[in-house]
Amino acid sequence: MRKLLSVLIAIVFCGICYAQSGNNQIGRILSAQEAKYVLDVFCQYYYSSCFEGKVYIPGTMIIKSVGVDQNTGGTYVSGIHSYQGQNVPLRGRKTHNDVQFNATIVRQINGDYILFNKWYEPDLMNRKGGWETCQKLIQYKQ
């Protein structure tokens, strides 16, 4: 009985050590640099479809804070970015710089689930600002 109990304790202890060693990517909090990369890729691929008529300006993502999202246990980030607004005939697109955003990134087995919130700056089409939200699962090939 003691041997069985010792083996079970060793298995549990080794599992805890493995999870804490960083080899387990699921549920791990991302660094600011990792979060910036993931969100930049997300915005390059999905920004225009999430936020109709708006275009993300690549490389403008600046992460100001990184923490743990209390609801999901994922990585919560906030910062600023830039985008071009809706195309207005005869005027073109207005560039909106240093626009606030926050996002939650949850690592999963097959990819990253992202909840991205951005401030909508007023323009000719809509005179009121407000928050816009997009959520997607970015799947990675294995």
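The residue numbers shown here count from 1 along each chain, following its written sequence. Reporting in this predicted model follows two pLDDT cut-offs: at least 70 for local features of residues, and 80 or more for side-chain atom pairs to be given and counted; totals over whole chains, interfaces and linings ignore these cut-offs and use all residues. In computing side-chain properties, one takes all heavy atoms of the structure into account and sets aside hydrogens as well as water.

(A) Geometry of the environment of L137. For helices the rule is a DSSP run of H or I covering at least 4 residues; for strands it is a run of E covering at least 2, with both sets numbered from the N terminus onward. By the element assignment, L137 lies in strand β6 (residues 130-139). Residues L137 and N110, spaced 27 residues apart in sequence, show a C-alpha to C-alpha distance of 8.9 Å. Contacts between residues were defined by any pair of non-hydrogen atoms, one from each residue, lying within 4.5 Å. Not counting the four nearest positions on each side in its chain, L137 is found in contact with Q108, N110, G111, D112 and Y113.

(B) How the structure looks around the state of the cysteines. Cysteine sulfur atoms that pair up within 2.5 Å are treated as a disulfide. Inspection of the entire model under this criterion finds 1 disulfide. Disulfide pairing is shown between C50 and C134; the S-S distance is 1.8 Å. Placement of C50 in helix α2 (residues 32-50) and of C134 in strand β6 is noted, with a sequence separation of 84 residues between them. C134 carries the same exposure label as C50, and that label is buried. When accessible area is computed with a 1.4 Å probe and restricted to protein chains, residues below 20% of their type maximum are described as buried, those above 50% as exposed, and intermediate ones as partly exposed.

(C) Region of the structure containing the confidence of the model for the protein chain. pLDDT is defined as a per-residue confidence score from the predictor, taking values between 0 and 100. In this model, the protein chain carries a mean pLDDT of 83, and residues with pLDDT of at least 70 account for 78%. A low-confidence stretch, residues 1-24 stays under pLDDT 50, and its non-local contacts, those more than four residues away or across chains, total 3 contacts.

(D) Structural view of the nonpolar core. What is meant by a nonpolar core is a set of buried Ala, Val, Leu, Ile, Met, Phe, Trp, Tyr and Cys residues, joined one to another through side-chain atoms within 4.5 Å. L39, F42, M61, I114 and F116 are the most contacted members of the largest nonpolar core, which totals 23 residues. Residue assignment for this core shows that the elements contributing at least two residues are α2, β3 (75-88), β4 (92-108), β5 (111-120) and β6. Here this core takes 7 residues from α2, the largest share from any one element. Beyond its immediate sequence surroundings of up to four residues, F116 is in contact with L39, F42, C43, Y47, F51, M61, F101, N102, A103, E132, T133 and C134.

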